[in-house]
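A look at the structure
Here's the letter readout for the chains.
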Amino acid sequence: MKTIVLIAWTGAALLLAGCGGGTETRSPEKPAPQPSETDLLVIPEGSPKLARLRVEAVGQAEFESEVVTAPGKVEANSNRISRVGMPVAGRVRQVLVKLGDAVEEGQPLVLIDSPDAGAAQTAYRQTLAQIRQAQSTLAKAEKDLARVKDLYEHRAAAMKEVLAGENDLTQAQADLEQIQAARDDALHRLTLLGLKPGAAADVAVRAPLAGKILEISVVPGEYRNDTNAPLMTIADLSTVWIGADVPESMIRLVEKGEAITVELSAYPGEVFRGRVTRISDVVDPVTRSVKVQAELANPAGRLRPEMYGQVRHNHGMVRLPAIPASAVMQKEGRDIVLIEKGKGRFRERVVKTGPRRGELAGILSGLAVGERAVVDGVMLLKKN
């Protein structure tokens, strides 16, 4: 009896298929794609592993957006560096400072015994003598002119004698003015050498700015003819630069005047702040990077040229789902997080990690705020 019923049902089905009334037969729709998750991981209740796991809800945190990080090196501010030279040729009689000394603006650095100093004093004294002579000549010309004019008024002298007297007076006045100008030049020369008129003294080379002595290339007793060669280098280190080579692909994120932070190897855990002052106009053809310089305040002098560190720059903050970085596993080149699906039930979830802040990792995709993830003990559930 069962066999007959089966045949009848099959025949009815075939009849209905043949009499579809023109209706097209459709394949069943495929289910919508589900998030990429591996098989369920189950830990029996009472297992020691389960007690060692810590599960927390995914929270939110703020992270730096578009961070630029580049190695950096402290440099002296080239706008505040002076290479002190010889003002005149001569013999170095005394060097008054040592390497590393802090000096004030105008402080004597080197004393020079120079023949030019004696020549400048002689030139000044000569102009004073010439002025006295010119003043005497001028006074005589004034008296001669007055006498000739008086004779002319009494018809005892001709007009040409008056004109000649006026010409002599004019010439005497011009000579005096010319010699006075020569005296001023000689005095200016003494001032440049740091000398006072009539005082026999060594030429003192003075500091053009306040700072520290970074280099000395002169010793007492040395005779120098070359006034272009520097005697020493002084740098004002109250502000310093830090130079960084920013990759070409990231230079669009850096602008002049923007704030940066610096961490130096010499001071671990400390953060120094500055602002970008210069961005190079060229790209290094070898490293494919662009030189960026920032200025940092250095009132205590702790930042020294040639110190190395890391320069960081960001374009604001972004709020993202956040979990401890230790909760993220690496598997086949992907980042994996374990999601709780129930008591003792877990699944691996592929996520895309983003910026980090301390021990927190930002999640760009794959996790939602509020989902429960394993944050401690993930290695106990890691599948081979």
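Residues take numbers from 1 onward in each chain, read along the sequence in its written order. A pLDDT threshold of at least 70 governs which residues receive local features in this predicted model, and a stricter bar of 80 or more applies before side-chain atom pairs are shown or counted, although totals over entire chains, interfaces and linings include all residues. Hydrogens are left out, water is left out, and the side-chain values use all remaining heavy atoms of the structure.

Observations regarding the overall build of the protein
Our working rule: By definition, any uninterrupted DSSP run of H or I lasting at least four residues is a helix, any uninterrupted run of E lasting at least two residues is a strand, and each is numbered from the N terminus. Buried, partly exposed and exposed residues are distinguished by accessible area as a fraction of the type maximum, computed with a 1.4 Å probe on protein chains only: under 20%, between the cut-offs, and over 50%, respectively. We call two residues in contact whenever any of their non-hydrogen atoms come within 4.5 Å of each other. All accessible-area figures derive from a Shrake-Rupley calculation using a 1.4 Å probe, and residue coverage is judged against the displayed protein chains alone.
Scanning the protein from terminus to terminus reveals four helices and 23 strands. Counting the 384 residues in the protein, one finds 33% classified as buried. Considering only contacts in the protein between residues 6 or more positions apart, those separated by 24 or more positions represent 73%. Total accessible area on the protein stands at roughly 24000 Å², and carbon and sulfur atoms take up 52% of it.

Digging into the environment of P220
Of note, P220 is situated in the loop between β10 (211-216) and β11 (223-224). Distance from P220 to R93, taken between C-alpha atoms, is 5.4 Å for residues 127 residues apart in sequence. Setting aside anything within four residues of it in sequence, one finds P220 in contact with V92, R93 and V95.

Overview of helix α4 (residues 159-192)
Note the cut-off: Helix span is expected to be 1.5 Å times the residue number reduced by one.
With 34 residues, α4 extends 50 Å between its outermost C-alpha atoms, agreeing within 8% with the 50 Å of an ideal straight helix rising 1.5 Å per residue. Residues of α4 that are buried include every one of V162, G165, L169, A172, L176, I179, A186 and L190, and no others. Elements that come into contact with the buried residues of α4 comprise α3 (115-153). Downstream of α4 by a residue or two, G194 has a phi angle that is positive, lying close to 75 degrees.

Comments concerning the side chain of D236
Put simply, the rule reads: Pairing of N or O atoms within 3.5 Å defines a polar contact, subject to two protein rules: one partner must be a possible hydrogen donor and the other a possible acceptor, and residues neighboring in sequence count only if both atoms are side-chain atoms.
Take D236: it is sitting in the loop between β12 (230-235) and β13 (239-247). Side-chain polar atoms of D236 contact the side chain of S238, separated by 2.9 Å.

Looking at the environment of G72
Here G72 shows up in strand β4 (residues 68-76). Under the relative-accessibility criterion, G72 is labelled buried at 3%. Separated by 239 residues in the primary sequence, G72 and V311 have C-alpha atoms spaced 5.8 Å apart. Apart from residues lying up to four places away in sequence, G72 is in contact with I242, G243, A244, M307, Y308, G309 and V311.

Structural notes on α3
Along an α-helix, residues three or four apart share an orientation, since each turn contains 3.6 residues. In a regular helix each residue adds 1.5 Å, so 39 residues correspond to 57 Å; α3 covers 57 Å between its end C-alpha atoms and thus fits that length. Taken together, the buried positions of α3 are occupied by A117, A120, Q121, Y124, T127, I131, A134, L138, A141, L145 and V148. Contact partners of the buried residues in α3: α4 and β9 (203-206). If you check the start of α3, you find a side-chain oxygen 3.1 Å away from the backbone N of D116, and it comes from S114. Phi for R155, located one or two positions after α3, is positive at around 55 degrees.

Focus on the nonpolar core
To keep things clear, this is the line we draw: For our purposes a nonpolar core is just a set of buried Ala, Val, Leu, Ile, Met, Phe, Trp, Tyr and Cys residues, chained together by side-chain atoms within 4.5 Å.
In this structure, V103, L109, V110, V203, M232 and I234 are the most contacted members of the largest nonpolar core, which totals 26 residues. Looking at this core, the elements that each hand over two or more residues are β6 (90-95), β8 (108-113), α3, α4, β9 and β12. Among all residues touching M232, those that are not within four sequence positions of it are S82, R83, V84, V95, V97, L109, V110, I213, E215, I216 and S217.

Points about a nonpolar patch on the surface
Note the cut-off: In this analysis, a patch consists of residues with relative accessible area above 30% that form no salt bridge, clustered at 9 Å for like charges and at 5 Å for the nonpolar side chains Val, Leu, Ile, Met, Phe, Trp and Tyr. We count a salt bridge whenever a side-chain nitrogen from Lys or Arg sits within 4 Å of a carboxyl oxygen from Asp or Glu.
There is a patch of nonpolar side chains on the surface, built from Y152, M159 and L163 and spanning about 280 Å² of accessible area. Relative to the elements of secondary structure, M159 occurs in helix α4. Taking relative accessible area as the criterion, M159 reaches 37% and is therefore assigned partly exposed.

Some points on the sheet that holds β10
So the rule is basically this: Two strands are counted as paired when DSSP detects at least two bridges linking them.
One open sheet accounts for four strands, arranged β5-β12-β10-β7; its pairing is antiparallel. Whereas interior strands pair on both sides, the edge strands pair on one side only; in this sheet they are β5 (81-85) and β7 (102-103). Pairing geometry for β5 and β12, over five bridges, is antiparallel. If you follow S82 over to β12, its bridge partner there is I234.

What about the packing of α3 against α4?
What counts, and what does not: What counts as an axis is a line fitted to C-alpha atoms, over the stretch in contact for a helix, and the angles between N-to-C directions run from 0 to 180 degrees. Oblique is the label for any angle not covered by the other classes, which are roughly parallel (under 35 degrees), roughly antiparallel (over 145) and roughly perpendicular (65 to 115). Note on convention: near helix rotated counterclockwise from far helix by under a right angle means a left-handed crossing. Clockwise means right-handed. Just so you know the grouping, Ala, Val, Leu, Ile, Met, Phe, Trp, Tyr, Cys and Pro go in nonpolar, Asp, Glu, Lys and Arg go in charged, and all remaining residues, Gly too, go in polar.
In contact at an axis separation of 8 Å, α3 and α4 are set at 160 degrees when each is read in the N-to-C sense. Here α3 is positioned roughly antiparallel relative to α4, judged by the angle of their axes. Our pair here, α3 against α4, has a crossing hand that is left-handed. Across the contact of α3 with α4, the residue classes break down as 21 nonpolar, eight polar and eight charged.

Considering unusual backbone geometry
Of all residues except glycine, most have a negative phi; of all peptide bonds, most are trans. In the Ramachandran plot, R155 falls in the positive-phi region, its phi being about 55 degrees despite a non-glycine side chain. Assignment of secondary structure puts R155 in the loop between α3 and α4. A residue is classified by how much of its surface remains accessible, and R155, at 80% relative accessible area, is exposed. With a phi angle near 85 degrees, E306 is a residue other than glycine that sits in the positive phi range. For E306, a relative accessible area of 48% translates into the label partly exposed.

Details of the sheet that holds β13
Taken in spatial order, the six strands close into a barrel running β4-β13-β16-β15-β14-β17, and their pairing is antiparallel. Direction aside, neighbouring strands of the sheet carry axes that sit 40 degrees apart on average. The sheet contact formed by β13 and strand β16 (residues 289-297) spans nine bridges and is antiparallel. Its bridge partner lying in β16, D245 is registered against K291.

Notes on the confidence of the model for the protein
We apply this condition: On a range of 0 to 100, pLDDT expresses the predictor's confidence in each residue.
On average, residues of the protein score 84 in pLDDT, and 88% of them reach the 70 mark or higher. Mean pLDDT values over the elements of the protein span from 35, in helix α1 (residues 2-18), up to 95, in β16.

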